[in-house]
Amino acid sequence: MLFRSTRSTLSIFSNAAKLRALGNAFVIDSLEKAGLKGIVPSHGDVLRHLFDKKACSMTELARSIGRTKSTVTVLVEKLEREGYICRVPNESDSRGVLVQLTEKGLALRPVFEDISDGLVGIVSKKLSVEEAAVLDRLLRKCVNCTKTPRLSDSLVEKLEREGYICRVPNES
């Protein structure tokens, strides 16, 4: 569906960027208060996925968090250097490796749960549960780049690497 650009339509991008900046600032502040170094907001999806899974392949991780394999590789390498995750041989595939949390990484779970609760609190102060669900659904619809035929794969990957977008996994 195409519609004429209006000032209110264009403000969607501005408001989404402001909300993202607010969330990132909250996450960064919370990480600093917890004394955590070497972790940035973009690591959150990787860590959250690994909190729920014992170990997974890089392909599974990339698919699950809606990022390219090359982007996930960069995120994983940084977390590995910081000692939060490690790579282990895949017993079912001798050529493959799995990524898993270390003890240091597992210890982050309570901090990330508190941060997640804080992010929910930011939204719940302004929106009802129903409004937040509608906003989430609409934003997912807008940012799901796999359904945007006008963007080439290379452009989507470039925007993702630079942190402007992320792919939202389809929920079935």
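The structure this text deals with has already been given above.
The structure displayed is predicted, hence computed values, not measured ones.

(A) Region of the structure containing the overall build of the chain. From N to C terminus, the chain includes eight helices and two strands. Starting at the N terminus and ending at the C terminus, the chain contains elements arranged as α-α-α-α-β-β-α-α-α-α. In the chain, which comprises 172 residues, the proportion classed as buried is 26%. Contacts in the chain between residues far apart in sequence, at least 24 positions, make up 52% of those at least 6 positions apart. Of the roughly 11,900 Å² of accessible surface on the chain, a fraction of 56% belongs to carbon and sulfur atoms.

(B) View of the pattern of salt bridges. Considering all chains together, one arrives at eight salt bridges under this definition. Taking the shortest distance from any N to any O, the salt bridge between D29 and K33 comes out at 3.1 Å. One end of the pair, D29, and the other, K33, are both in helix 1 (residues 7-33), four residues apart, so they sit about a helical turn from each other. The partner of K53 in a salt bridge is E60, and the shortest N-O contact between them spans 3.1 Å.

(C) Summary view of the packing of aromatic side chains. Counted by the stated rule, this structure contains one aromatic pair. Its guanidinium or amino end placed over the ring of Y84, K104 lies 4.7 Å from that ring's centre, counting from NZ or CZ.

(D) How the structure looks around the environment of I28. Within the element layout of this structure, I28 appears in helix 1. In this structure I28 comes out as partly exposed when scored by relative accessible area, which is 38%.

(E) Layout of the packing of helix 2 (residues 44-52) against helix 3 (residues 58-65). Viewed as axis vectors pointing N to C, helix 2 and helix 3 meet at an angle of 115°, and their least axial separation amounts to 10 Å. Taken as axis vectors, helix 2 and helix 3 run roughly perpendicular relative to one another. Crossing of helix 2 over helix 3 shows right-handed handedness. Mapping the contact onto sequence places D45, V46 and H49 in helix 2 and E60, L61, S64 and I65 in helix 3.

(F) Representation of the nonpolar core. In this structure, I39, L47, I85 and L108 are the most contacted members of the largest nonpolar core, which totals 24 residues. Elements that contribute at least two residues to this core include exactly helix 1, helix 2, helix 3, helix 4 (69-81), strand 2 (93-101) and helix 6 (109-124). If near-sequence neighbours (up to four positions away) are discounted, I85 is found in contact with L47, L50, V76, L79, E80, V99, Q100, L101 and T102.

(G) Expanded view of a nonpolar patch on the surface. The grouping of L10, I12 and F13 at the surface amounts to a nonpolar patch, some 340 Å² of accessible area in total. By secondary structure assignment, the location of L10 is in helix 1.

(H) Seen up close, the side chain of H49. Looking at the secondary structure, you find H49 in helix 2. For H49, a relative accessible area of 12% translates into the label buried. Those residues in contact with H49 that lie beyond four places of it in its chain are C56, E60, L61, S64 and I65.

Quick notes on the rules
- Residues numbered from 1 in each chain as written.
- Predicted model: local features only at pLDDT ≥ 70, side-chain atom pairs only at ≥ 80, totals over all residues.
- Heavy atoms only, no water.
- Helix = DSSP H or I, 4+ residues; strand = E, 2+ residues; numbered from the N terminus.
- Buried < 20%, exposed > 50% of the residue type's maximum accessible area, 1.4 Å probe, protein only.
- Contact = heavy atoms within 4.5 Å.
- Areas by Shrake-Rupley, 256 points an atom, 1.4 Å probe, with all protein chains shown as cover.
- Salt bridge = Lys/Arg side-chain N within 4 Å of Asp/Glu carboxyl O.
- Phe/Tyr/Trp six-rings, centres within 6.5 Å; stacked < 30°, edge-to-face > 60°.
- Lys NZ or Arg CZ within 6 Å of the ring centre and 35° of its normal.
- Axes fitted to C-alpha atoms, helices over the stretch in contact; angles between N-to-C directions.
- Parallel < 35°, antiparallel > 145°, perpendicular 65-115°, else oblique.
- Left-handed = near helix turned anticlockwise from the far one by under 90°.
- Core = buried A, V, L, I, M, F, W, Y, C linked by side-chain atoms within 4.5 Å.
- Patch = residues over 30% accessible without salt bridge, like charges linked within 9 Å, V, L, I, M, F, W, Y side chains within 5 Å.

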